[in-house]
2 protein chains.
Amino acid sequence: MITIRAAVPEDFDLIWPMLRDVFRAGETYAVDPDITAAQARDYWMGQAKATYIAEAAGRIVGTYYIKTNQPGGGAHICNCGYIVDPDARGRGIAAQMCAHSQAEAQALGYLAMQFNFVLASNAGAVRLWHRLGFTTVGTIPLAFAHPTQGYVDAFVMHKALRDETR
Amino acid sequence: MITIRAAVPEDFDLIWPMLRDVFRAGETYAVDPDITAAQARDYWMGQAKATYIAEAAGRIVGTYYIKTNQPGGGAHICNCGYIVDPDARGRGIAAQMCAHSQAEAQALGYLAMQFNFVLASNAGAVRLWHRLGFTTVGTIPLAFAHPTQGYVDAFVMHKALRDETR
């Protein structure tokens, strides 16, 4: 069982090691692998509309953010990013966070959710987002320099959250 | 005949009225229509790798920027934005700026160019980018709230600039 709650600023110190390891690895996020803690805080919490923490047995096992994907005329679509603690993988935490994020995004008034950069090499994520109702609406050829697999495609994925954009 | 040159900081005051009118109209760019001059300067010149000015007969008739589209593993793809003075439309200035930007992007080391948000309602731009060799690699449904046309689709467009990503 996990619980998901809104993050408070002090949570950053607890999630930074998780973010740092994922960003340093450079395998799944289009983020500078040398990102500093301050930059990561801005990316994950500062620019976000809301940031959340998933906890199990009093320990943080995952985190996600909701952002407005484009300003102005594009502001009805949100973007989310999810990270699960490597020690807690395989327990459905990403799926639970994504379901939670869709409900939160609707409550925040967003009409749709978009992932801008899902790597083809991240097969588990691609399968999961499809299972959760996302559609691949774009494929950017060779968009990401993977540290071991060379250039891999990136998918743009989309899910309407309300009828207005369904 | 137009000439295209790198912008200097002082050029901003000359291009701001052009940017302002396009952004305030809210019909083509996913930018807050209430954007301030300082924010527009950051968007067009501050965050850009390079910004350029097109001049004809000593007058600025257009401007464009080149940015890195995604950091980290995505940093080999650039993004550009182009604006032509309304009084100078229909003279091929956007096409000339786009050709110039492709050469500049190659010189800067980028392997490909991506437009993230070309509105389906902006039919002239869609035709022009196709004519200049860009491919529509994604269609985000109802991604933009157009002030008079309601929700319109946005296209993701891409062009490889070097063989590595062609």
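Residues numbered from 1 in each chain as written. Chains lettered and ligands numbered in written order. Predicted model: local features only at pLDDT ≥ 70, side-chain atom pairs only at ≥ 80, totals over all residues. Heavy atoms only, no water.

Draft legend 1. Representation of the side chain of B:Lys67. Residue and element names in this part refer to chain B. In this fold, Lys-67 is placed in strand S3 (residues 59–68). No salt bridge is formed by the buried Lys-67; its nearest oppositely charged neighbour, Asp-42, is found at 7.5 Å. Side-chain polar atoms of Lys-67 contact the backbone oxygen of Tyr-43, separated by 2.9 Å. (Helix = DSSP H or I, 4+ residues; strand = E, 2+ residues; numbered from the N terminus. Buried < 20%, exposed > 50% of the residue type's maximum accessible area, 1.4 Å probe, protein only. Lys, Arg positive; Asp, Glu negative; His and termini not counted. Salt bridge = Lys/Arg side-chain N within 4 Å of Asp/Glu carboxyl O. Polar contact = N/O pair within 3.5 Å; in protein donor to acceptor, adjacent residues only side chain to side chain.)

Draft legend 2. Structural detail: the relation of the copies chain B and chain A. Under the fitted operation, chain B is carried onto chain A by 0.0 Å of movement along the axis and a turn of 180 degrees, and the coordinates agree to an RMSD of 0.0 Å. What we have between these two chains is a two-fold relation. Closest approach to the rotation axis within chain B is made by the C-alpha atom of B:Gly138, at a distance of 1.8 Å. (Least-squares fit on C-alpha atoms with pLDDT ≥ 70 in both.)

Draft legend 3. Fine view of unusual backbone geometry. Of note in the backbone geometry, A:Ala57 takes a positive phi value of approximately 50 degrees without being a glycine. Looking at the secondary structure, you find A:Ala57 in the loop between strand S2 (50–56) and strand S3 (59–68). Accessibility expressed as a relative area gives 86% for A:Ala57, which makes it exposed. Phi at B:Leu142 takes a positive value of approximately 50 degrees, unusual for a residue other than glycine. Secondary-structure assignment places B:Leu142 in strand S6 (residues 135–146).

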